[in-house]
Amino acid sequence: MTMRSRFRGFLPVIVDMETGGFSSSTDAVLELAATIVRMDDAGHIAVHETHSFNVAPFEGANIEQSALDFTGIDPWHPFREAHSEKDALGELFQIVRREIRDQECTRAILVGHNAHFDAGFLNAAVERCEIKRNPFHPFSHFDTATLSGLAYGQTVLAKSCFEAGIPFDNEQAHSAAYDAERTAELFCGIVNRWQMLGGWAPSNASSID
């Protein structure tokens, strides 16, 4: 049993981004995190590791004060050791491509809580940095807000985690690394629960076409 056969060749990578607002074309990316998941021989997936980056606002980026108040991020803190967007994405994409190869997948697929938000900012940053090789599918995503609505009747990350029995600390929330890991745990839990309920089994994985 492999990740490749479970998700039709795609490698799910859980992504969270903390930003300076809601507009992917004008607002800064401030934090970027991605959590890698792996599968055991029984077809169950679990969190493997998380990679996170503080990101320096691109030149001319808009940053809303309300966004900083919400996340608690100080973009100009001297100890942030922030990466440029291009360096952060380049390093992350190397990690993702290596995992795609190791798990014998064909491409990564972004998993996010309200995935369209993170995908929009990721794609905008890729375009801004003129990165030619993006390992993520350009428009398909797995959205844990939707999956949680189905599985637990909740769409807010903290409430979904509570229903799933996943500890959630509001004091650590709105850090990209923390939110990515909780989202990854939520995603793994839903996928594994679906399998346990008979919705998918290794015997169904005869083809990825």
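Chains are numbered independently. Their residues run from 1 in the order of the written sequence. pLDDT decides what is reported in this predicted model: residues at 70 or higher carry local features, side-chain atom pairs at 80 or more are listed and counted, and totals for whole chains, interfaces and linings draw on all residues regardless. Excluded from the side-chain calculations are hydrogens and water; all other atoms, namely the structure's heavy atoms, are used.

S.K.: What is the right way to look at the overall build of the chain in this model?
M.R.: Counting its secondary structure elements, the chain contains seven helices and five strands. The atom set for the radius of gyration is the C-alpha atoms, and the globule formula is 2.2 Å times the number of residues raised to the power 0.38. Computed over the C-alpha atoms, the radius of gyration of the chain is 17 Å, within 12% of the 17 Å expected from 2.2 N^0.38 for a compact globule of 209 residues. If you line up the chain on its principal axes, its C-alpha atoms span 50 × 35 × 25 Å. Burial here depends on accessible area, computed with a 1.4 Å probe over protein chains only, as a share of the maximum for the residue type. Under 20% is buried, over 50% is exposed, and the range in between is partly exposed. Split into buried and exposed, the 209 residues of the chain put 47% on the buried side. Contact definition: two residues touch when any of their heavy atoms are within 4.5 Å. A separation threshold of at least 6 residues defines the contact pool for the chain, and within that pool the share at least 24 residues apart is 71%. Computed by Shrake-Rupley with a 1.4 Å probe, the accessible areas treat only the displayed protein chains as cover when residues are assessed. Carbon and sulfur atoms make up 50% of the accessible area of the chain, which totals about 10700 Å². Neither His nor the chain ends contribute to the count of charged residues, in which Lys and Arg are positive and Asp and Glu negative. A charged residue contributes its charge at one atom only: NZ of Lys, CZ of Arg, CG of Asp or CD of Glu. Of note, the chain has its 16 positive side-chain charges centred 9 Å away from the centre of its 29 negative side-chain charges. Helix and strand definitions here come from DSSP, where helices need a minimum of 4 consecutive H or I residues and strands a minimum of 2 consecutive E residues; each element is numbered from the N-terminal end.

S.K.: Honestly, the pairing of strand S4 (residues 107-112) in this entry has me stumped. Any pointers?
M.R.: Of all six residues in S4, five are buried; the element is thus mostly enclosed. A clockwise course of the path from the first strand over the helix to the second, judged with the strands pointing away from the viewer, identifies a crossover as right-handed. For the crossover that starts at S4, traverses helix H4 (residues 115-128) and ends in the parallel strand S5 (residues 136-143), the hand is right-handed.

S.K.: Please clarify how the pattern of salt bridges should be interpreted in this entry.
M.R.: Side chains that carry opposite charge are capable of pairing whenever their charged atoms lie near each other. We count a salt bridge whenever a side-chain nitrogen from Lys or Arg sits within 4 Å of a carboxyl oxygen from Asp or Glu. By the definition in use, this model includes five salt bridges. Where Glu85 meets Arg128, a salt bridge forms, and the shortest distance between an N and an O atom there is 2.6 Å. Of this pair, Glu85 sits in helix H3 (residues 85-102) while Arg128 is found in helix H4, placing the two residues 43 residues apart along the sequence. The class for Glu85 is buried, based on a relative accessible area of 6%. Between Arg182 and Glu185 there is a salt bridge whose closest N-O contact spans 3.1 Å. Of the two residues, Arg182 and Glu185 are both situated in helix H7 (residues 176-196); the distance of three residues between them amounts to about one turn of the helix. When its relative accessible area of 10% is taken as the criterion, Arg182 is described as buried. A relative accessible area of 30% places Glu185 in the partly exposed class.

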